[in-house]
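Read off the chains here:
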Amino acid sequence: QIHNGADDNASGVAMLLGLAAWCNEHRKELKYDFIFAALSGEEDGLFGAQHFLNSGIVDTSKIICNINFDMVGHLDLMRPLVILDAALLFPTWDSILPVDSAATFLVQRKTNVIKGGADHCVFLERGIPAILISTGLTSHYHRPSDDIDTINFSGMVGISSYVQELILNLNRRKNLELVLQ
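In this report, the structure presented in the accompanying data block is examined.

Rules used throughout
Residues numbered from 1 in each chain as written. Predicted model: local features only at pLDDT ≥ 70, side-chain atom pairs only at ≥ 80, totals over all residues. Heavy atoms only, no water. Phe/Tyr/Trp six-rings, centres within 6.5 Å; stacked < 30°, edge-to-face > 60°. Helix = DSSP H or I, 4+ residues; strand = E, 2+ residues; numbered from the N terminus. Buried < 20%, exposed > 50% of the residue type's maximum accessible area, 1.4 Å probe, protein only. Salt bridge = Lys/Arg side-chain N within 4 Å of Asp/Glu carboxyl O. Axes fitted to C-alpha atoms, helices over the stretch in contact; angles between N-to-C directions. Parallel < 35°, antiparallel > 145°, perpendicular 65-115°, else oblique. Left-handed = near helix turned anticlockwise from the far one by under 90°. Contact = heavy atoms within 4.5 Å. Nonpolar A, V, L, I, M, F, W, Y, C, P; charged D, E, K, R; others polar.

Comments concerning the packing of aromatic side chains
One pass over the structure, following the stated rule, counts two aromatic pairs. On the basis of an interplanar angle of 40° and a centroid distance of 6.3 Å, the ring pair of Phe52 and Phe123 is categorised as tilted. In this pair, Phe52 is assigned in helix α2 (residues 47-54) and Phe123 in helix α4 (residues 119-125), connecting sequence segments 71 residues apart. No difference in accessibility class separates Phe52 from Phe123, as the two residues are buried.

Here it is as structure tokens:
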């Protein structure tokens, strides 16, 4: 059977590409560099994230944080909730994350609940602050029904706006190296 993976994880890749375009449009206003990387091999052993950190492509000592978008396409219309996994591991995330009331959804901040099952966990293991942004599992997870007609595009726009505000909050910080420790 065909598994198009519209939510897992075409939605995350689409959000990443949209935010990369937004950062490019605002590059004169942004004082920090942002790297947008789509990683693969997560479910086979987090191979993409491990390769990214081990490859030497980027000096990992200069990575301030990792924001992982995984399954962001199913914002529930009745109970709009976005999960920020690992957001409570570093106390300063609270001062950087946008105010919940500005979003059209509830933001649920968690400790590292997933523990080793998603790409952001590889960054956490290296001591790099990281969060996973997700709308959570649905009945379409790993099924042929995970198709484009199940995606809540307006919800994705709202999540993207939230992340744009997060990027601007990061941009306002004078010394990010000290902020996210």
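Overview of the pattern of salt bridges
In this structure the tally under the stated criterion is two salt bridges. Between Asp94 and Arg109 there is a salt bridge whose closest N-O contact spans 3.1 Å. Highlighted residues: Asp94 in helix α3 (residues 93-96) and Arg109 in strand β3 (residues 106-109), separated in sequence by 15 residues. Note on Arg109: relative accessible area 22%, which makes it partly exposed.

So, the packing of helix α1 (residues 6-25) against helix α5 (residues 153-172)
The N-to-C vectors of α1 and α5 enclose an angle of 45°; their axes lie 10 Å apart at closest approach. For the element pair α1 / α5, the angle class is oblique. Considering the relative orientation of α1 and α5, their crossing is right-handed. The residues of α5 that touch α1, namely those facing Ser11, Ala14, Met15, Leu19, Trp22 and Cys23, are Met156, Ile159, Ser160, Val163, Gln164, Ile167 and Leu168. In terms of residue class, the contact of α1 with α5 is made up of ten nonpolar, three polar and no charged.

Describing unusual backbone geometry
Asp8 connects to Asn9 through a cis peptide bond whose omega is 5°. Summarising the element assignment, Asn9 is placed in helix α1. Of note, the phi angle at Ala86 is positive, near 75°, even though the residue is not glycine. Of note, Ala86 is situated in the loop between β2 (81-85) and α3. On the accessibility criterion, Ala86 (0% relative accessible area) is buried. Within the chain, His142 stands out as a residue other than glycine whose phi angle is a positive 60°. You can see His142 is positioned in the loop between β4 (130-134) and α5.

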